[in-house]
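# An overview of the molecular structure
Take a look at the letters that make up each chain.
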Amino acid sequence: MTTRTAQCACGALRATCEGEPVRRSLCQCFSCQRRTGSAFSLNATWPDEQVSIEGKSRVFERSGEEGHWARSHFCPACGTTLYWRIERQPGMTYVAVGCFADPTFPVPEFAVYSERGRPWIRFETEPPLVQQ
Ligand SMILES: [Zn+2]
Ligand SMILES: [Zn+2]
């Protein structure tokens, strides 16, 4: 079985994920732009029981656009958000794909909040991203 480990910038917070993610997405919402400091986020989702967390994290909770909570876990030493959970998807852990630092990580399948993206960004993936 494939096992991948994501880590924060300083390496103190790690998430080891077993098996392939059940969902891979790219999000251009404003919350992701602010969380990452970049134009979009890359996100991969596993069932909680397939993710092992090592290291301490702090939690930032925010309300989503429909009022549901989202809880981001970030490293208190370096500030990297490594993973998060959202109220609407109980039992699932989302991991920041950049934290795997793996260019061969499978391409996203879905694109969300594309209308908030930079107009000069085009994504060319095979198969094409499904807009949601
Ligand atoms: Zn860190
Ligand atoms: Zn987003």
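Residues numbered from 1 in each chain as written. Chains lettered and ligands numbered in written order. Predicted model: local features only at pLDDT ≥ 70, side-chain atom pairs only at ≥ 80, totals over all residues. Heavy atoms only, no water.

### A look at the overall build of the chain
Convention followed: In this text, helices come from DSSP runs of H or I with a minimum length of four residues, and strands from runs of E with a minimum of two, each type numbered from the N-terminal end. As a reference, a globule follows 2.2 Å times the number of residues to the power 0.38, and the radius of gyration itself is taken over C-alpha atoms. Burial here depends on accessible area, computed with a 1.4 Å probe over protein chains only, as a share of the maximum for the residue type. Under 20% is buried, over 50% is exposed, and the range in between is partly exposed. Between two residues, a contact is recorded if the distance between any of their heavy atoms is within 4.5 Å. For the accessible areas, the method is Shrake-Rupley and the probe is 1.4 Å, while residue cover comes only from the protein chains on display. Charge assignment in this entry is limited to Lys and Arg as positive and Asp and Glu as negative, and neither His nor the chain termini are counted. Charge placement uses NZ in Lys and CZ in Arg. For Asp and Glu, CG and CD serve respectively.
Along the backbone of the chain there are one helix and 11 strands. Taken from the N to the C terminus, the helices and strands of the chain come in the order β-β-β-α-β-β-β-β-β-β-β-β. Compactness check: the chain gives a C-alpha radius of gyration of 14 Å against a globular reference of 14 Å for 132 residues, within 12% of the reference. Principal-axis analysis of the C-alpha atoms gives the chain an extent of 40 × 35 × 25 Å. Out of the 132 residues in the chain, the part that is buried amounts to 39%. Here the analysis covers contacts within the chain between residues at least 6 apart in sequence; of these, 52% occur between residues at least 24 apart. Of the roughly 7700 Å² that the chain leaves accessible, carbon and sulfur atoms contribute 50%. In the chain, which carries 15 positive and 14 negative side-chain charges, the distance between the mean positions of the two groups comes to 8 Å.

### Structural notes on the sheet that holds strand 8 (residues 81–86)
Our working definition: Pairing between two strands is assigned when DSSP locates at least 2 bridges connecting them.
The mixed open sheet is built from eight strands, whose spatial order is 6-7-8-9-4-3-10-11. A single partner strand is all that each edge strand has here, and the edge strands are strand 6 (58–63) and strand 11 (130–131). Here three bridges tie strand 3 (residues 23–27) to strand 10 (residues 110–112), and the two strands are oriented parallel to one another. Each bridged residue has a counterpart across the sheet, and for cysteine 27 the counterpart in strand 10 is valine 112.

### What about the coordination of the zinc ion (ligand 1)?
This is how it is decided: The rule for donors is simple: N, O or S, within 2.8 Å of the metal, or within 3.2 Å if the metal is Na, K or Ca. Water isn't counted, so a site may look like it is missing partners.
For the zinc ion (ligand 1), the protein coordination sphere consists of Cys8 (SG), Cys10 (SG), Cys75 (SG) and Cys78 (SG), at 2.3 to 2.4 Å. Between consecutive donor residues of the zinc ion (ligand 1), the sequence gaps follow C-x1-C-x64-C-x2-C. Pair noted here: cysteine 10 is in the loop between strand 1 (3–7) and strand 2 (14–18) and cysteine 75 is in the loop between strand 7 (69–74) and strand 8, with a separation of 65 residues, a long-range link.

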